[in-house]
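In case you want the letters, here they are:
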Amino acid sequence: MDSQLLTYIFVGVSFALYIGIAIWSRAGSTKEFYVAGGGVSPLANGMATAADWMSAASFISMAGIISFMGYDGSVFLMGWTGGFVLLALLLAPYLRKFGKFTVPDFIGDRYYSKTARSVAVICALIVSFTYIAGQMRGVGVVFSRFLEVEIETGVIIGMIIVLFYAVLGGMKGITYTQVAQYCVLIFAFLVPAIFISFQATGNPIPMFGMGDTLTSQPDTFMLDKLDGLSEELGFSAYTEGSKDLIDVIAITLALMVGTAGLPHVIVRFFTVKRVKDARKSAGYALLFIGILYITAPAVASFGKLNLIETVSEKKYSEMPKWFTTWENLGLLAWIDKDSDGKIQYLGVAKDGGNALTGIPIFSENERGKNGERLVENPSSNKNELYVDRDIMVLANPEIADLPNWVIALVAAGCLAAALSTAAGLLLVISSSVSHDLIKKMIKPDISDKGELVAARLAAVAAVVVAGYFGINPPGFVAAVVALAFGLAAASFFPAIILGIFYKRMNKEGAIAGMVVGICLMLFYMLKFKFDFFGGGTSEDWWFGISPEGFGSVAMFVNFFVSIVISKFTPEPPLEVQEMVESVRIPAGVEEASDH
Amino acid sequence: MDKQTDNKQKHASAYWRENLKYLAILLPIWFFVSYGAGIIFKDWLDQFQIGGFNVGFWFAQQGSIYVFIILIFVYVRLMNKLDKKYGYDK
């Protein structure tokens, strides 16, 4: 069967499954809508958390980024998994014991203040919208490639599907849908990885194959070969880094604390029954995430080796079909700068660099003399090949010449990853609006039914905004997502940690900390990423820290401001201090979660 | 404060102190395998090899993740035991 038909079948069947689950588990009360009724098993919750959290960026972009960055890409691997250790040890059990619906709920109650709650709501909305923008772009890319529709149409199909199960099922529907989505996405990620590893090294386990010798050259380790080839072409060695030590540390830390402060992840720990289940489900979540994360560096390195060996110094006319497929989609470009008909893929040390200036601009209908798409903005260096990072995972099965059904499976997996995260974020946005804004601040006497209607309406509105971002994408998937982590690190993390571990922490300190933290992060991000406030290049970075890593600086500033301000202002009321004490022990969850 | 609540509170603080003690053991390991082995001492560790992996590079891309998973499950076990010891597991 051809891959197009198979793709329709795989994607269609998986969507039918998700919608079926949503109908079966639709929410009837606000408790079911916000926290799935609070009775999800730790194993199911772990899987759902993994799917919720592994986004289009993890599935599609991460391996591609590592592939291009080599060792420097490790910040994503360590950062995004290390955060779960903080979540499990420092946040999850206590938030579960506290037992409400949302993160602003905790902040509002712990800091006995509507101002604190509003600040938290605003932070949750900023973080979630920044993050969801990346997801919708992912949905668009996948649909346009695999279903051969316009990106806009793809985004709209995605919106309708998410809308259906997020609005109908709430957290309950999302949770069980995400369990199914996890299974689809992990299977889709592992199958091609196993094939590729086996082809290259004879070892079917990708994470071990990565450290194995090549079948083509039995005395050469795969990574050594890759290091050698990279250096030969003028790139830095794959296993060596080129980033500054301080920036690597800052980015890793920002991603770790950002993970631990992401509202759509934290909220998952409200859905289990007991404190011990919250700890356990954090463990399962990392286990399930880890399976993908230790496979991704293998996919990255094999993909890179395959790419170099396929294209370097080869004739354009002899390129395999996938090359032209991706070229036609504008994700790959070749500019024959020296008119020899061969592809020169060169790094800086060989007078290479970026093959073109900025993103590729293709001429409409003209073709070059070898039949390649013409690019209107070539750069002056010798590198002739532009490869969009996002294609690494998507094109891998084709590069390795795998059967059609694997390609269809990867399409379904990508969509599962993007849709599950989008749904989780939608729920955070809708509950921030209906629960924290309407129920807790504007109209406290609203009925359970009325709140449920409000939650559904808010979800509809959020989908429309997210769809807008999908159609007008703000840049690279992972770059945008990385900034959402910085924002979460700068705002929530200190307020929650101090709320649990520092009894003396009061509302004045927490509010000041959150406001200063998120403003500082927003300022830095706008200045250095989007050219506001005079802009600036990497030479103007403070302490040599990139916008992606700046969340960790803003987090420290938040901690500092919070503690200093709290020293000069009255201590929190007695009942709040008692609440902190009760949150610290796991007994009596039933009463605590009796809403 | 009457005697019973006083005892209850002492009990709770003792539990909390032991919990903090576990964190003081586990979090440095978390720090060491990632920021230590994967970043700061990466270049030095890279002179050693496990199979085709330089050790520092391996910690950065795989090893730290294995350790993170183990850390959480160790914490889960320790805390479940602690809950039992203090009678908070009911």
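Being a predicted model, the structure only gives us computed values, none of them experimental.

Student: Honestly, the overall build of chain A in this entry has me stumped. Any pointers?
Tutor: Summing up its helical and strand segments, chain A has 22 helices and four strands in all. Its C-alpha atoms give chain A a radius of gyration of 24 Å, near enough to 25 Å, the size a compact globule of 595 residues would have. Reported as C-alpha extents along the three principal axes, the dimensions of chain A are approximately 80 × 50 × 45 Å. Considering only contacts in chain A between residues 6 or more positions apart, those separated by 24 or more positions represent 81%. Accessible area of chain A: about 20300 Å², with a carbon and sulfur share of 63%. If the 43 positive side-chain charges of chain A are averaged to one point and the 52 negative ones to another, these points end up 10 Å apart.

Student: Looking at this structure, I do not really get the confidence of the model for chain A. What am I missing?
Tutor: Should the pLDDT be low somewhere, the predicted coordinates at that spot are not to be read in detail. Residue and element names in this part refer to chain A. On average, chain A scores 84 in pLDDT, and the residues at 70 or more come to 97%. When the elements of chain A are averaged for pLDDT, helix α22 (residues 589-592) gives the smallest value, 48, and helix α20 (residues 550-567) the largest, 94. Of the regions scoring below 50 in pLDDT, residues 590-595 engages in eleven contacts with residues more than four places distant in sequence or in other chains.

Student: Explain the environment of leucine 487 of chain A here, please?
Tutor: Residue and element names in this part refer to chain A. Mapped onto the elements of the fold, leucine 487 is located in helix α18 (residues 477-501). On a C-alpha basis, the gap between leucine 487 and alanine 395 in space is 32 Å, while along the polypeptide they are 92 residues apart. Dropping the residues within four chain positions of it, leucine 487 is found in contact with Ile126, Val127, Thr130, Ile518, Met521, Leu522 and Met525.

Student: Please clarify how the pattern of salt bridges should be interpreted in this entry.
Tutor: When the charged atoms of two side chains with opposite charge come close together, those side chains can pair. Counted according to the given criterion, the structure contains ten salt bridges over all chains. Notably, a salt bridge pairs glutamate 309 of chain A with lysine 225 of chain A, separated by 3.7 Å at the nearest N-O pair. Of this pair, glutamate 309 of chain A sits in helix α13 (residues 275-311) while lysine 225 of chain A sits in helix α10 (residues 222-232), and the two are 84 residues apart along the sequence. On the basis of relative accessible area, lysine 225 of chain A is assigned to the buried category, the value being 19%. The partner of aspartate 83 of chain B in a salt bridge is arginine 279 of chain A, with the nearest N and O atoms 3.2 Å apart. Taken together, the positions of aspartate 83 of chain B in helix α3 (residues 55-85) and arginine 279 of chain A in helix α13 put the pair across two chains. Accessibility expressed as a relative area gives 2% for arginine 279 of chain A, which makes it buried. Connected through shared salt-bridge partners, Asp105, Asp109 and Arg117 of chain A make up one network.

Student: I would appreciate a short explanation of the packing of helix α6 (residues 103-110) of chain A against helix α21 (residues 574-584) of chain A in the present structure.
Tutor: All names here are of chain A. Their axes nearest at 10 Å, the elements α6 and α21 cross at an angle of 135°. It follows that α6 is oblique to α21 by the angle criterion. Of the residues in α21, those touching α6 at Phe106, Asp109 and Arg110 are Val576, Met579 and Val580. Along the lines of polarity and charge, the residues of the contact of α6 with α21 split into four nonpolar, no polar and two charged.

Student: Explanation requested: the domain arrangement of chain A in the structure shown.
Tutor: Many analyses report the size of an interface as the accessible area lost when the parts associate. Residue and element names in this part refer to chain A. Looking at the assigned domains, one finds that chain A contains domain 1 (3-302 + 402-474) and domain 2 (310-397). Listed per partner, the contact involves 26 residues of domain 1 and 19 residues of domain 2. When the two sides are added together, the surface that domain 1 and domain 2 hide from each other amounts to roughly 2000 Å², 68% of it contributed by carbon and sulfur. It is Phe68, Arg145 and Leu233 that lose the most area in domain 1 upon contact with domain 2, and together they represent 30% of the buried surface on that side. Taken together, the links from domain 1 to domain 2 amount to zero salt bridges. For the interface between domain 1 and domain 2, the tally reads four residue pairs in polar contact (both at pLDDT 80 or more). Elements supplying a minimum of two residues to the side of domain 1 that touches domain 2: α4 (56-69), α7 (114-146), α8 (151-201) and α16 (404-442).

Student: What should I look at first to understand unusual backbone geometry in this one?
Tutor: One can expect most non-glycine residues to show negative phi and most peptide bonds to be in trans. Residue and element names in this part refer to chain A. The phi torsion at tyrosine 112 lies on the positive side, around 35°, for a residue other than glycine. Here tyrosine 112 shows up in the loop between α6 and α7. Here the phi dihedral of glutamate 313 falls at roughly 60°; this positive angle occurs in a residue that is not glycine. In this structure, glutamate 313 sits in the loop between α13 and α14 (321-328). Take glutamate 313: its relative accessible area is 43%, and that puts it in the partly exposed class.

Student: Explanation requested: the UniProt feature "domain: Sodium symporter small subunit" (unreviewed entry) in chain B in the structure shown.
Tutor: Under the UniProt annotation, "domain: Sodium symporter small subunit" (unreviewed entry) lies at residues 13-88 of chain B. With 83% helix and 5% strand, the stretch residues 13-88 of chain B has end C-alpha atoms that lie 13 Å from each other.

Student: Can you walk me through the packing of aromatic side chains in this structure?
Tutor: Remark: the centre distance and the inter-plane angle together describe each pair of aromatic rings, the angle taken between the planes. Taken as a whole and assessed by the stated rule, the structure comprises 34 aromatic pairs over all chains. Ring plane angle 65° and centroid distance 6.4 Å describe the contact between tyrosine 238 of chain A and phenylalanine 57 of chain B, whose orientation is recorded as edge-to-face. Of this pair, tyrosine 238 of chain A sits in the loop between α10 and α11 (245-261) while phenylalanine 57 of chain B sits in helix α3, placing the two residues on different chains. Among the residues examined, tyrosine 238 of chain A registers a relative accessible area of 3% and is labelled buried. Plain terms: the ring middles of tryptophan 30 of chain B and tyrosine 35 of chain B are 6.0 Å apart, the flat faces sit at 70° to each other, and that makes the pair edge-to-face. The residues tryptophan 30 of chain B and tyrosine 35 of chain B share a single accessibility class, namely buried. Residue placement shows lysine 527 of chain A over the ring face of phenylalanine 528 of chain A; its charged tip is 5.4 Å from the ring centre.

Student: Can you walk me through the nonpolar core in this structure?
Tutor: Proteins that are soluble and globular tend to have nonpolar side chains buried together. All names here are of chain A. Counting residues in each nonpolar core, the largest one holds 232 residues, and the members touching the most others are Trp53, Phe59, Leu91, Ile107, Tyr293, Phe323 and Ile496. Of all the elements, α8 adds the most residues to this core, at 20 residues. Shared between two domains, this core holds at least three residues of each, these being domain 1 (3-302 + 402-474) and domain 2 (310-397). In contact with tryptophan 53, not counting residues within four places along its chain, are Ser58, Trp80, Phe84, Tyr131, Thr259, Leu262, His264, Val265, Ile289, Tyr293, Thr421 and Phe485. Core analysis: the second largest hydrophobic core is formed by seven residues, Ala333, Ile335, Phe362 and Tyr386 among them.

Student: Would you mind showing me how to read the side chain of serine 113 of chain A here?
Tutor: All names here are of chain A. Within the secondary structure layout, serine 113 lies in the loop between α6 and α7. Taking the relative accessible area as the measure of exposure, serine 113 reaches 10% and is therefore buried. Only 2.8 Å separates the side chain of serine 113 from the backbone nitrogen of alanine 116, close enough to count as a polar contact. Filtering out sequence-adjacent residues up to four positions away, serine 113 remains in contact with Gly108, Lys507 and Ile511.

Student: Looking at this structure, how should I read the interface of chain B and chain A?
Tutor: The interface of chain B with chain A comprises 42 residues on the first partner and 52 residues on the second. Each partner contributes to the roughly 4000 Å² buried at the junction of chain B and chain A, and carbon and sulfur atoms together form 72% of this total. It is Trp16, Gln61 and Ile72 of chain B in chain B that bury the most area against chain A; as a group they hold 16% of the surface buried on that side. Applying the counting criterion to the chain B and chain A interface returns one salt bridge. At the surface where chain B touches chain A, the tally comes to twelve residue pairs in polar contact (both at pLDDT 80 or more). Of all the elements in the fold, those that place two or more residues in the side of chain B that touches chain A are α1 (3-40), α2 (42-45), β2 (53-54) and α3 of chain B. Per-element tally for the side of chain B that touches chain A: the top contributor is α3 of chain B, with 18 residues.

Student: Help me out: how do you make sense of the packing of α8 of chain A against α16 of chain A in this one?
Tutor: How two helices sit against one another is set out by the angle between their axes and by the gap between those axes. Residues and elements named next belong to chain A. Relative orientation of the contacting elements α8 and α16 amounts to 145°, with a least axis distance of 6 Å. In the crossing of α8 with α16, the sense of the turn from one axis to the other is left-handed. Of the residues that constitute the contact of α8 with α16, the class distribution is 24 nonpolar, seven polar and no charged.

Student: In this structure, what is going on with α13 of chain A? I would like to understand it.
Tutor: One turn of the α-helix equals 3.6 residues, which is why residues spaced by three or four share an orientation. Residues and elements named next belong to chain A. Between its terminal C-alpha atoms α13 stretches 54 Å, which fits the 54 Å expected from 37 residues at 1.5 Å a residue. Within α13, 29 of the 37 residues are buried, leaving the element largely enclosed by the surrounding structure. A positive backbone phi angle near 60° is found at glutamate 313, which sits one or two residues after α13.

Rules and cut-offs
- Residues numbered from 1 in each chain as written.
- Chains lettered and ligands numbered in written order.
- Predicted model: local features only at pLDDT ≥ 70, side-chain atom pairs only at ≥ 80, totals over all residues.
- Heavy atoms only, no water.
- Helix = DSSP H or I, 4+ residues; strand = E, 2+ residues; numbered from the N terminus.
- Rg over C-alpha atoms; globule rule 2.2 N^0.38 Å.
- Contact = heavy atoms within 4.5 Å.
- Areas by Shrake-Rupley, 256 points an atom, 1.4 Å probe, with all protein chains shown as cover.
- Lys, Arg positive; Asp, Glu negative; His and termini not counted.
- Charge placed at Lys NZ, Arg CZ, Asp CG, Glu CD.
- pLDDT = per-residue confidence, 0-100.
- Salt bridge = Lys/Arg side-chain N within 4 Å of Asp/Glu carboxyl O.
- Buried < 20%, exposed > 50% of the residue type's maximum accessible area, 1.4 Å probe, protein only.
- Axes fitted to C-alpha atoms, helices over the stretch in contact; angles between N-to-C directions.
- Parallel < 35°, antiparallel > 145°, perpendicular 65-115°, else oblique.
- Nonpolar A, V, L, I, M, F, W, Y, C, P; charged D, E, K, R; others polar.
- Domains from an automatic or database assignment.
- Buried area = accessible area lost by both parts, 1.4 Å probe.
- Polar contact = N/O pair within 3.5 Å; in protein donor to acceptor, adjacent residues only side chain to side chain.
- UniProt positions renumbered as here; feature names shortened; annotations may be inferred.
- Phe/Tyr/Trp six-rings, centres within 6.5 Å; stacked < 30°, edge-to-face > 60°.
- Lys NZ or Arg CZ within 6 Å of the ring centre and 35° of its normal.
- Core = buried A, V, L, I, M, F, W, Y, C linked by side-chain atoms within 4.5 Å.
- Left-handed = near helix turned anticlockwise from the far one by under 90°.
- Expected span 1.5 Å × (residues − 1).

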